[in-house]
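For reference, the chains in residue letters:
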Amino acid sequence: MSDIIECRSLCFNYGDGDSKTSVLNNLNFKVETNEKIAIVGQSGCGKSTLLNLMAGLDTPSEGEVLINNINISNLKERQRTELRAKNLGFVYQFHHLLKDFSAIYNTALPLLINDVDKNEALKKAENILKKVGLENRITHKPSELSGGERQRVAIARAMITEPACLLADEPTGNLDEKNARDVLDLIIELNNNQNTALLIVTHDLSIANKMSRRFDLTDGSLNER
Ligand SMILES: Nc1ncnc2c1ncn2[C@@H]1O[C@H](COP(=O)(O)OP(=O)(O)OP(=O)(O)O)[C@@H](O)[C@H]1O
Ligand SMILES: [Mg+2]
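Since we're looking at a predicted model, the values are computed, not measured.

Enquirer: So what exactly am I meant to see when it comes to the pairing of strand β6 (residues 88-91) here?
Expert: Here is the key point about a regular strand: its side chains alternate between the two faces of the sheet. Residues Leu-88 and Phe-90 point to one face of β6 and Gly-89 and Val-91 to the other, with burial holding for every one of them. One ladder, built from four bridges, connects β6 with strand β7 (residues 165-169); its direction is parallel. Across the sheet, Val-91 pairs through a bridge with Ala-168, a residue of β7.

Here's what the structure looks like:
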């Protein structure tokens, strides 16, 4: 097994001086190939902050993040973006789909950004939308989809590059119970088929219990349960 993501002595503060909020405090953590991990913690404990740091979307106050054994702070923005696009997929609590684009274009976007041939990218997008049960919705824009369907498109978009690790921040947070269960089962199924690692941030213990490892984020660091 190899490390996909590693956090070493990670610290993160918002602001400084009197307005300083310390969120992460000397946090150490690794995600290896094929692992299914849940990070659980109360609202405001720093889960989204941690995910953003792991993805190189924010810079640590101290410590380092390695993706595929490469220290991302040593990279230029463009290289960091490439490393991220190659290795990681994201699903957010709110889908973050582009409102003017149809499901198929939203799904194909990570490939189109990476200069993959348009026809090839759309073909792949169509295939993955089939896998998530949306073959009859490919021309629908986000406003023409239900909440669960939007989240499925977001999952399809995250998985289209076959990332080594899928990072999901409360992916079922705004769905009803049945849709939440379906979306989670779908993430797990795609994860099994594509042999990716899965890191889910949640405060829902029933989701956490479906993962193979569970960590609690408290007082700025992670403890395995
Ligand atoms: N831009 C910011 N400036 C200052 N403080 C911030 C900023 N963004 C977040 N925070 C604070 O940092 C802490 C961690 O926020 P974060 O979004 O990581 O929490 P979370 O665990 O994801 O919470 P939730 O479960 O509600 O999504 C919170 O207390 C929040 O108020
Ligand atoms: Mg959050």
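There's more to say after this.
Enquirer: So what exactly am I meant to see when it comes to the environment of Ser-102 here?
Expert: For Ser-102, the position within the fold is in the loop between β6 and α3 (103-113). Remark: the alpha-carbon pair of Ser-102 and Asp-115, spanning 13 residues in sequence, is separated by 19 Å. Residues within four places of Ser-102 in sequence aside, it is in contact with Ile-138, Thr-139, His-140 and Lys-141.

Enquirer: Can you walk me through the nonpolar core in this structure?
Expert: Where a protein is soluble and globular, its nonpolar side chains tend to be buried together. Of all hydrophobic cores here, the largest spans 39 residues; its most connected members are Leu-129 and Ile-155. Going through the elements one at a time, β3 (36-40), α3, α4 (118-131), α5 (147-159), β7, α6 (177-194), β8 (197-202) and α7 (205-208) are the ones with two or more residues in this core. No other element matches α6, which puts seven residues into this core. Once residues within four sequence positions are removed from consideration, Ile-155 is found in contact with Val-91, Val-183, Leu-186, Ile-187 and Leu-190.

Enquirer: Is there a simple way to explain the sheet that holds strand β5 (residues 70-71) in this structure?
Expert: Think of a sheet as strands paired side by side through backbone hydrogen bonds, with each pair either parallel or antiparallel. Ordered by their spatial adjacency, four strands build an open sheet running β2-β1-β4-β5, and the pairing between neighbours is antiparallel. In this open sheet, the two strands that pair with only one neighbour each are β2 (21-32) and β5. Note: strand β1 (residues 3-14) against strand β4 (residues 62-67), five bridges, orientation antiparallel. Bridge pairing in β4 links Arg-8 to Glu-64. The sheet strands contacting helix α1 (residues 47-54) are β1, β2 and β4, and the helix crosses β1 at an angle near 125°.

Enquirer: Which parts of the structure should I look at to understand α3?
Expert: Because the α-helix completes a turn every 3.6 residues, residues three or four places apart line up on one side. What α3 keeps buried is the set Ala-103, Ile-104, Asn-106, Thr-107, Ala-108 and Leu-111. For α3, the secondary structure elements touched by its buried residues are α4 and α5. Phi turns positive one or two residues past the end of α3, at Asp-115, with a value near 60°.

Enquirer: So what exactly am I meant to see when it comes to the packing of aromatic side chains here?
Expert: According to the stated counting rule, one finds three aromatic pairs in the structure shown. Ring plane angle 85° and centroid distance 5.1 Å describe the contact between Phe-29 and Phe-215, whose orientation is recorded as edge-to-face. Placement of the pair is Phe-29 in strand β2 and Phe-215 in strand β9 (residues 213-218), with a sequence separation of 186 residues. Each ring, one from Phe-90 and one from Tyr-92, has its centre 5.9 Å from the other, and the planes form 15°; the classification is stacked. For Tyr-92, a relative accessible area of 27% translates into the label partly exposed.

Rules used in this analysis
- Residues numbered from 1 in each chain as written.
- Chains lettered and ligands numbered in written order.
- Predicted model: local features only at pLDDT ≥ 70, side-chain atom pairs only at ≥ 80, totals over all residues.
- Heavy atoms only, no water.
- Buried < 20%, exposed > 50% of the residue type's maximum accessible area, 1.4 Å probe, protein only.
- Helix = DSSP H or I, 4+ residues; strand = E, 2+ residues; numbered from the N terminus.
- Pairing = 2+ DSSP bridges.
- Contact = heavy atoms within 4.5 Å.
- Core = buried A, V, L, I, M, F, W, Y, C linked by side-chain atoms within 4.5 Å.
- Axes fitted to C-alpha atoms, helices over the stretch in contact; angles between N-to-C directions.
- Phe/Tyr/Trp six-rings, centres within 6.5 Å; stacked < 30°, edge-to-face > 60°.

That's the geometry; what it means functionally is another story.
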